[in-house]
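Summary of the model geometry
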Amino acid sequence: KKVYLNGKILDHKDAKISVFDRGFIFGDGIYEVMTQVNGDFFYADAHLERLSDCLQKVNIDFDVNSLLNDIKRLRKVSDLEFKDCLVYIQVTRGIAPRKHAYPKEVTPTVMMYIMPFELPEINQKHIKAVTTLDYRWGRCDIKMTSLLGNVMVNEYAMKHGAYEAILIREGIITEASHCNVFFTKNNIVYTHPSNNFILDGITRQIVIQLCHDLGIEIRQEAVKEQDIFLMDEVFLTGTTTQIVSVQQINEYSFYKGNNTGPITKKLQEAFLALKKQK
Ligand code: PLP
């Protein structure tokens, strides 16, 4: 398997990173995940823009503009030009003696890989989620490589036989360990506003746009934990999840006898149409 590391394409066994890389020592880095669908990167511009924004937020000085060409080179070498794929990109601050403050002269470490990844046309699963406390830090808008908080709450979900952990901060639902959360009630769609308590998912942005296009009312307002039971539909969004129906949260089941609500289904179909256009 080939990987990209600092301008070179190498066999993954030959790709070496210093133990003093701040990505390793501090989790001081930003990452991005996107897919290739029908031979084209899906919303690559949006993903690269988010990467660039996050790098700026933490003062990592790196220009993302050359990355698309490099990933195309990697794609070619890996013989993946026509396969559905997942692309992983990470930029860490670089190698420096271990001191917390940003080092002055440092070159970012850039690593990317691409691998075959089959997405279903529509995610037909109807999953179970559990709620848990959102004890992550206060800058969840930064897509950083230090994902221990997300890892811990996802592990909690796995232990409870659930696909996802839906996170609660001060009584309101923020997001999930690797997805954004949407609810519907009386034909209105609700999701947490994009602020420092959630990652503004690219799939989230697409779904909001689809709601506008389809004339579905969308409100970027958080739902309270205590109101979960009043909701009609729940779904999660994410690059690899796409749009998935949530059938159950904790012991409470939605859609008795039916596993996907009508608005969720409409959005899934519109999302599929978008992928076919690309
Ligand atoms: N929220 C969190 C915490 C995530 O890690 C992710 C994706 O990894 C998302 C939301 C969904 O973002 P996107 O749709 O850009 O994949």
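Just so we're clear, the structure is a prediction, and the values are computed from it rather than from any experiment.

Calculation rules
- Residues numbered from 1 in each chain as written.
- Predicted model: local features only at pLDDT ≥ 70, side-chain atom pairs only at ≥ 80, totals over all residues.
- Helix = DSSP H or I, 4+ residues; strand = E, 2+ residues; numbered from the N terminus.
- Buried ≥ 20, exposed ≤ 12 C-beta atoms within 10 Å, placed from the backbone.
- Contact = placed C-beta atoms within 7 Å.
- Near = placed C-beta within 6 Å.
- Nonpolar A, V, L, I, M, F, W, Y, C, P; charged D, E, K, R; others polar.
- Pairing = 2+ DSSP bridges.
- Right-handed = clockwise from strand over helix to strand, strands pointing away.
- Axes fitted to C-alpha atoms, helices over the stretch in contact; angles between N-to-C directions.
- Arc of directions from axis to C-beta.
- Core = buried A, V, L, I, M, F, W, Y, C linked by C-beta atoms within 7 Å.
- Domains from an automatic or database assignment.

We now examine the overall build of the protein chain. Looking only at helices and strands, the protein chain has six helices and 15 strands in total. C-alpha atoms of the protein chain, sized along the principal axes, occupy 55 × 40 × 35 Å. When burial is assessed residue by residue, the protein chain has 39% of its 278 residues classed as buried. The contacts of the protein chain with a sequence gap of at least 6 include a subset with a gap of at least 24, amounting to 70%.

Right, let's get into the site of the ligand. Near the ligand there are 14 residues, and of these L199, G201, I202, T203 and T239 occur at the shortest range. Sorting the residues of the shell around the ligand by element identifies α5 (202-214) and β13 (233-238) as the ones contributing at least two each. Looking at the shell around the ligand, the element that brings in the most residues is α5, giving three residues. Residues that form the shell around the ligand fall into these classes: four nonpolar, eight polar and two charged.

Further remarks concern the pairing of strand β11 (residues 188-191). Inspection of the sheet shows strand β10 (residues 180-185) paired to β11 by four bridges, in the antiparallel sense. From the neighbouring strand, F182 faces β11, where its bridge partner is T191. Here β10 folds back onto β11, and the loop between the two strands holds two residues, one of which, N186, carries a positive phi near 50°. Pairing between β11 and strand β12 (residues 217-219): three bridges, direction parallel. Counterpart to I188 in the pairing with β12 is E217. Read as a crossover between parallel neighbours, the route from β11 over α5 to β12 is right-handed.

This part covers the sheet that holds strand β2 (residues 8-11). Across the sheet, which stays open at both edges, the six strands sit in the order β2-β1-β6-β5-β3-β4 with antiparallel pairing between neighbours. In this open sheet, the two edge strands, each paired with only one partner strand, are β2 and β4 (40-41). Alignment of strand β3 (residues 29-37) against β4, held across two bridges, turns out to be antiparallel. Paired with V37 across the bridge in β4 is D40. Here helix α2 (residues 44-57) sits on the sheet and contacts β3, β4 and β5 (85-92); the angle it forms with β3, its principal contact strand, is near 180°.

Burial in helix α3 (residues 67-77) covers these residues: L67, I71 and R75. The buried side chains of α3 occupy one side of the element, clustering within an arc of 80° when seen end-on. Residues of α3 that are exposed and point over 90 degrees away from its buried face: N69, K76 and V77. In this fold, the buried residues of α3 make contact with α2, β5 and β6 (109-116). Trailing α3 by a residue or two, D79 shows a phi angle of about 60°, which is positive.

Turning next to the nonpolar core. Across soluble globular proteins, nonpolar side chains show a tendency to be buried alongside one another. In this structure, M112 and A129 are the most contacted members of the largest nonpolar core, which totals 60 residues. Broken down by element, this core gets its largest block of residues, six residues, from α5. Summarising the domain contributions, this core has at least three residues from each of domain 1 (2-116) and domain 2 (126-277). Setting aside residues no more than four positions away along its own chain, A129 makes contact with A162, Y163, E164, A165, I166, A176, V246 and I249.

The next point concerns the domain arrangement of the protein chain. By domain assignment, the protein chain separates into domain 1 (2-116) and domain 2 (126-277). Across the contact, 21 residues belong to domain 1 and eleven residues belong to domain 2. Looking at the side of domain 1 that touches domain 2, the elements with two or more residues in it are β3, α2 and β5. Here the side of domain 1 that touches domain 2 gets eight residues from one element, more than from any other, and that element is β3. Each residue belonging to the side of domain 1 that touches domain 2 can be placed in one class, and the counts come to eleven nonpolar, seven polar and three charged.

The element strand β14 (residues 242-249) is extensively covered by neighbouring structure, given that six of its eight residues are classed as buried. Bridge analysis of strand β7 (residues 126-133) against β14 gives four bridges, and the strand direction is parallel. Of the residues in β14, the one forming a bridge with A129 is I249. Relative to β14, β13 runs antiparallel, the two being bridged by four bridges. Considered in β14, the bridge of F235 is made with S245. Here β13 hands over to β14 after three residues, the two strands then running antiparallel side by side. One ladder, built from two bridges, connects β14 with strand β15 (residues 252-253); its direction is antiparallel. Within the sheet, the bridge partner assigned to Q248 lies in β15 and is S253. Turn length for the β14-β15 hairpin, with the two strands adjacent in sequence and antiparallel, is two residues, and the turn residue N250 shows positive phi of about 50°.

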